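Remarks on the overall topology
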Number of protein chains: 2
Amino acid sequence: MATHGHAHASVTGAARRPVRLNLFAHACGHHSAAWRAPGSSVERLADITYWEELARIAERGRLDAVFLADGQSIGTAGVERGPAWMLEPLTALTAMARATERVGLVTTVSSTFWDPFHAARLLASLDHISRGRAGVNVVTSMTDEEARNHSMTALPGHAQRYATAGEFLEVLQGLWESWPMESILAEPDGAYVDPALLRPPLHRGEAFAVDGPLNVPTPPQGRPVLFQAGASEPGRALAARHAEGIYAVAWDLASARTYRGDIRSRAAALGRDPDALAVMPGLVPYVASTEEEARRRKAELDARLPVQDSLRQLSFFVGQDTSDWELDAPVPPLPPLEEFTGPKGRYATVLRILETARPTVRELLGLLAAGGGHATVIGTPERVADEIERWVDAGAADGFNLMPPTLPGGIEEFVDQVVPVLQRRGRFRCEYEGTTLRDHLGLPRPPQEIPAPTGS
Amino acid sequence: MATHGHAHASVTGAARRPVRLNLFAHACGHHSAAWRAPGSSVERLADITYWEELARIAERGRLDAVFLADGQSIGTAGVERGPAWMLEPLTALTAMARATERVGLVTTVSSTFWDPFHAARLLASLDHISRGRAGVNVVTSMTDEEARNHSMTALPGHAQRYATAGEFLEVLQGLWESWPMESILAEPDGAYVDPALLRPPLHRGEAFAVDGPLNVPTPPQGRPVLFQAGASEPGRALAARHAEGIYAVAWDLASARTYRGDIRSRAAALGRDPDALAVMPGLVPYVASTEEEARRRKAELDARLPVQDSLRQLSFFVGQDTSDWELDAPVPPLPPLEEFTGPKGRYATVLRILETARPTVRELLGLLAAGGGHATVIGTPERVADEIERWVDAGAADGFNLMPPTLPGGIEEFVDQVVPVLQRRGRFRCEYEGTTLRDHLGLPRPPQEIPAPTGS
Ligand SMILES: Cc1cc2nc3c(=O)[nH]c(=O)nc-3n(C[C@H](O)[C@H](O)[C@H](O)COP(=O)(O)O)c2cc1C
Ligand SMILES: Cc1cc2nc3c(=O)[nH]c(=O)nc-3n(C[C@H](O)[C@H](O)[C@H](O)COP(=O)(O)O)c2cc1C
């Protein structure tokens, strides 16, 4: 079977490929109680120097990129429990671009709420300003509260959102190619631009009608690197067609490997090279000089977490009210994935944790406190590096989306302690070889053919 | 008459008020042939260091702000004739904010094409990143080509666009107040945000429905400084109600004085303090150590301008085909302002030039070549400073929107030669007194009452 052949090739080939490392920079860190810890960065979240510092630390560690998530509402249900959003990511990343020279800068754009001409412009401009270091995680958004901030009464349905996302990505790509740099002649006695070289997409679709051309010329990378983070069937289909990086959720190596194999098969079936697609599951690292110390630090953070808050977060993850669940009893049975209508990826993770660890409610809360079910490694720098190598060598990941429990502390520890181990072992770059995010990820410069949508 | 009383107070009060100076940073400069000159900046337009350099020069001159215009299409009809747009202004200004410490940063947002939640967020974020230096020029846009980049088939009508602009500004202001900094408690053992202090606008209007609150907290200035540049009746009404700065077009002192008086009367009639509204006509300065040298430089630039290009630009300004106009004959009679359906402000200026100067077609083209009919001063630094003082003292302006014919040369000359004259005469600051754009312009920090729309 062609599908198996590709999945297998990836496993054997993986050991020789370099590890990708991406910093997911979120608020005071990914642990829900990070902002409550003494000396946390909670006072600095609206201060751009905090975000610039995170980008500089990532660059010191020669990481591929810094990634900022985004949401389109304050998240009223969660504002008491801790910080989510503060600065808008495109502006924050522009400042971060000017505070660094090499590290990639990945933002998040919702195709459900953004006008593609504005999005294409802002992203192209970020790519010019950063000299080819921009990336974009295209998401479809998750809540009615977000819709009600954008003149809609409710979120469009899941299938509708993904159909729009596909169209959105096609418009973006058309716009990025529409004003080629070569068209700028700038002849002192002649034309500034040769209009014959413009390629307006003249897009007429279900969701958008966009003539173009864009009024920002083709960005240095041809187009910003495209990321995707949806785990549902249409999410995977979109990722297989367009994504060059995937932010995945995987609790354990086995599920990560299955997921990566599936995505690579889908990409190959569309005629794409599966190696031009980096699958990066989230990784929550607790690093210290001894495993005991790392566990102690995790327990200290966990202890700052109000149980009621964790229960509320769990209610969101599983789509039902969990506030009356008995803390020291086993987690009650949950409906199968097919019946769940919320974000499927995270729900699948919860089901996976229940299946593999059979935890009590209290134990489940602890496992979800940082990152909500992403892989968690607790131990010495060597132990964390071992685990990273193990996943990559097993074909379960091309690298990781680092989700340190606290920031900036957690990423400093990783960069200063884990990265040198990976470098000594020859698994991670000691210097950037290139200057663009595409260079770092070993991706070709577009335009390439965009595979046509399949009939499904 | 109350109207006259106010207008008169402004005239006598003006002499003691400081001059406002704003750099309108556009492409290689405001002269249509600037990019054709030897040593022009045309190769650097996509290079953010060019824009950062302009902001640093403005700051060296202690200017109030740097302003970037914006359009929502490449402007196909004009791409051969010279550069218009390149980097997207919100991202460019974010980088410029990090390259400077004091100068204000004014962007342009079209209320016809922007979703107010996105616009409010980006602007609030720019205000946080710049620590209170953001401003926004809200425009209603001008062409169908722009509409066709945003899933519309044509530009909505003029009245419709201004109705939307009014609603847009109300939504923005509601959103900026909706997540007050005081609501962020960040108590280690308590709540992060007190939800009782959130003020979601729950806006339900004709053009927009926006619940809020915004997911960026109230910006340092309360809100970015609001600018307006529309000269039509609804444009003036909008400016009188909301604007704190006005980018005007005035060919001569008399028309500038009439315009400023009108705007101040309208603001006063709405219960606003007319002194909290800076009217800044455009000023195209040709500065050199002798007037002869300044004239020579202007003639040199004018000579680089292909006559056919200027005729095409003129066609746009007057809304009719001028390509067969006889160059050395007087300009043919034009229809009165009321019959003109395009941008009224600039058309009024052309009528004013015809009335005051009775030029031939060739002479009119020369007068429009830089800035399209803004006031033009040619001479020594003292002469330019004299003219600035004369307009401000006559109540014709609160200061000027500087439109140097070439950049960066033209603004360097102004900052290094004209600013010191104004400083010696006690008419311009030698150091910034405050840190925010509101400080520079002597504007109060909102929230103030927003005057209700009048019944017109
Ligand atoms: C690491 C990671 C980061 C994500 N970042 C965002 C984000 O910034 N904004 C957002 O709306 N959704 C984000 N998501 C959610 C997904 O993009 C997607 O919308 C969600 O998983 C639901 O889609 P699905 O039904 O295809 O799984 C993220 C998911 C993952 C795993
Ligand atoms: C100095 C100045 C700057 C302007 N900048 C812009 C701009 O960046 N984008 C835009 O669409 N219109 C711009 N305009 C045009 C006006 O905002 C307005 O849309 C135009 O004058 C038509 O409106 P009106 O009919 O009210 O005059 C500018 C006008 C002036 C005088």
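In this text the structure is predicted, and so the values were computed from the model without any measurement.

What follows concerns the overall build of chain A. Looking only at helices and strands, chain A features 15 helices and 11 strands. Along the first, second and third principal axes, the C-alpha set of chain A runs to 75 × 55 × 50 Å. Counting across all 456 residues of chain A, residues that qualify as buried make up 61%. Restricting the contact set of chain A to residue pairs at least 6 apart, pairs at least 24 apart contribute 77%. When the accessible surface of chain A is summed, it comes to about 16600 Å², and 52% of that surface belongs to carbon and sulfur atoms. Each charge class in chain A was averaged separately, 45 positive and 57 negative side chains, and the resulting centres sit 3 Å apart.

All names here are of chain B. Around ligand 2 lies a shell of 20 residues, among which Ala69, Asp70, His158, Tyr162 and Ser232 are the nearest. Side-chain polar atom of His158 to an oxygen atom of ligand 2: 2.7 Å apart, as the coordinates give it. The backbone of Ala231 places a nitrogen or oxygen atom 3.0 Å from an oxygen atom of ligand 2. Its free accessible area being 620 Å², ligand 2 has 91% of it covered by the protein chains. Looking at the shell around ligand 2, the elements that each hand over two or more residues are β4 (134-139), α6 (158-176) and α11 (344-357). Along the lines of polarity and charge, the residues of the shell around ligand 2 split into 9 nonpolar, 9 polar and 2 charged.

This next bit is on the pattern of salt bridges. All names here are of chain A. Under the defined criterion, the tally for this structure stands at 66 salt bridges over all chains. In this structure, Glu389 and Arg425 form a salt bridge, with 2.7 Å as the shortest nitrogen-oxygen distance. Of this pair, Glu389 sits in helix α13 (residues 381-393) while Arg425 sits in the loop between α14 (409-424) and α15 (437-441), and the two are 36 residues apart along the sequence. On the accessibility criterion, Glu389 (15% relative accessible area) is buried. By sharing partners, the salt bridges in this structure join Glu293, Arg296, Arg297, Glu300 and Glu413 into a single network.

The next point concerns the pairing of strand β7 (residues 225-228) of chain B. Residue and element names in this part refer to chain B. With burial as the criterion, each face of β7 is covered, one bearing Val225 and Phe227 and the other bearing Leu226 and Gln228. Sheet topology places β4 next to β7; 4 bridges connect them, and they run parallel. Bridging across to β7, Gly135 finds its partner in Val225. Here β7 pairs with strand β8 (residues 245-248) via 2 bridges, running parallel. Its bridge partner being in β8, Phe227 is matched across the sheet by Gly245. Between the parallel elements β7 and β8, the chain passes through helix α7 (residues 233-242) in a crossover that is right-handed.

The subject of this paragraph is the pairing of strand β4 (residues 134-139) of chain A. All names here are of chain A. Across the 6 residues that make up β4, a large majority, 5, are buried. Pairing of strand β3 (residues 104-110) with β4, which is carried by 6 bridges, proceeds in the parallel orientation. For Ser110, the partnering residue across the bridge sits in β4 and is Val139.

All names here are of chain B. Under the counting rule described, the total for this entry stands at 19 aromatic pairs over all chains. Between Phe168 and Phe208, the ring centres sit 6.0 Å apart and the planes meet at 55°, which makes this aromatic pair tilted. On the criterion of sequence distance, the pair formed by Phe168 in helix α6 and Phe208 in the loop between β5 (203-204) and β6 (209-210) is long-range, its members being 40 residues apart. For Phe168, a relative accessible area of 0% translates into the label buried. On the accessibility criterion, Phe208 (9% relative accessible area) is buried. The aromatic ring of Phe428 is capped on one face by Arg429, whose charged end is 5.4 Å from the ring centroid.

Residues and elements named next belong to chain A. In the region of ligand 1, 20 residues are neighbours, and Ala69, Asp70, His158, Tyr162 and Ser232 sit closest. A distance of 3.0 Å separates an oxygen atom of ligand 1 from a polar atom in the backbone of Ala231. Note that an oxygen atom of ligand 1 is positioned 2.5 Å from one of the side-chain N or O atoms of Ser232. Out of a free accessible area of 620 Å², ligand 1 has 91% covered by protein chains. Secondary-structure elements contributing two or more residues to the shell around ligand 1 are β4, α6 (158-176) and α11 (344-357). Looking at the shell around ligand 1 residue by residue, the classes come out as 9 nonpolar, 9 polar and 2 charged.

What follows covers the domain arrangement of chain A. Residue and element names in this part refer to chain A. Taken domain by domain, chain A consists of domain 1 (18-288 + 373-441) and domain 2 (306-368). Here the C-alpha centre of domain 2 lies 27 Å away from the C-alpha centre of domain 1. The largest per-residue losses of area from domain 1 upon contact with domain 2 belong to Arg81, Trp251 and Gly373, which jointly make up 45% of the total buried on that side. A salt bridge links Arg352 to Asp252, with the nearest nitrogen and oxygen atoms 3.1 Å apart. Taken together, the residues that form the side of domain 1 that touches domain 2 break down as 5 nonpolar, 4 polar and 3 charged.

Moving on to the confidence of the model for chain A. All names here are of chain A. Here chain A averages 92 in pLDDT, and 94% of its residues register 70 or above. Below a pLDDT of 50 lies the segment residues 1-15, which in the model reaches 18 contacts outside its immediate sequence neighbourhood of four places, other chains included. Across the assembled chains, the prediction reports ipTM 0.92 with pTM 0.93.

Right, let's get into the interface of chain A and chain B. Each side of the interface is counted separately: chain A has 68 residues, and chain B has 68 residues. For the pairing of chain A and chain B, the buried interface totals around 5700 Å² over both sides, and the portion due to carbon and sulfur atoms is 59%. Linking chain A to chain B there are 8 salt bridges. Linking Arg98(B) and Glu52(A) is a salt bridge whose minimum nitrogen-to-oxygen distance equals 2.6 Å.

For the rest of this paragraph, the subject is the side chain of Ser41(A). Residues and elements named next belong to chain A. In this structure, Ser41 sits in the loop between β1 (20-24) and α2 (48-60). A polar contact of 3.1 Å, which involves the side chain of Ser41, links it to the side chain of Tyr50. Residues within four places of Ser41 in sequence aside, it is in contact with Ala27, Cys28, Tyr50, Leu407 and Pro408.

Let us now look at the relation of the copies chain A and chain B. Note on the copies: chain A fits chain B at an RMSD of 0.0 Å, the axial shift is 0.0 Å, and the rotation between them is 180°. As the rotation angle and translation indicate, the two copies are arranged about a two-fold axis. Of the interface residues in chain A, 100% have counterparts in chain B that sit at the interface too, so the contact is made through matching surfaces.

Take the environment of Asp439(B) next. All names here are of chain B. Locating Asp439 in the fold gives a position in helix α15 (residues 437-441). The exposure class of Asp439 is partly exposed, given its relative accessible area of 38%. Along the chain, Asp439 and Gly104 lie 335 residues apart, while their C-alpha atoms are 9.8 Å from each other.

This part covers unusual backbone geometry. All names here are of chain A. Following Leu407, the chain continues into Pro408 via a peptide bond in cis, with omega recorded as 0°. In this fold, Pro408 is placed in the loop between β11 (399-402) and α14. For Ser151, which is not a glycine, the phi torsion comes out positive at approximately 60°. Within the element layout of this structure, Ser151 appears in the loop between α5 (144-147) and α6. Using a relative accessible area of 37% as the deciding quantity, one classes Ser151 as partly exposed.

About the thresholds
Residues numbered from 1 in each chain as written. Chains lettered and ligands numbered in written order. Predicted model: local features only at pLDDT ≥ 70, side-chain atom pairs only at ≥ 80, totals over all residues. Heavy atoms only, no water. Helix = DSSP H or I, 4+ residues; strand = E, 2+ residues; numbered from the N terminus. Buried < 20%, exposed > 50% of the residue type's maximum accessible area, 1.4 Å probe, protein only. Contact = heavy atoms within 4.5 Å. Areas by Shrake-Rupley, 256 points an atom, 1.4 Å probe, with all protein chains shown as cover. Lys, Arg positive; Asp, Glu negative; His and termini not counted. Charge placed at Lys NZ, Arg CZ, Asp CG, Glu CD. Near = heavy atom within 4 Å. Polar contact = N/O pair within 3.5 Å; in protein donor to acceptor, adjacent residues only side chain to side chain. Nonpolar A, V, L, I, M, F, W, Y, C, P; charged D, E, K, R; others polar. Salt bridge = Lys/Arg side-chain N within 4 Å of Asp/Glu carboxyl O. Pairing = 2+ DSSP bridges. Right-handed = clockwise from strand over helix to strand, strands pointing away. Phe/Tyr/Trp six-rings, centres within 6.5 Å; stacked < 30°, edge-to-face > 60°. Lys NZ or Arg CZ within 6 Å of the ring centre and 35° of its normal. Domains from an automatic or database assignment. Buried area = accessible area lost by both parts, 1.4 Å probe. pLDDT = per-residue confidence, 0-100. Least-squares fit on C-alpha atoms with pLDDT ≥ 70 in both.

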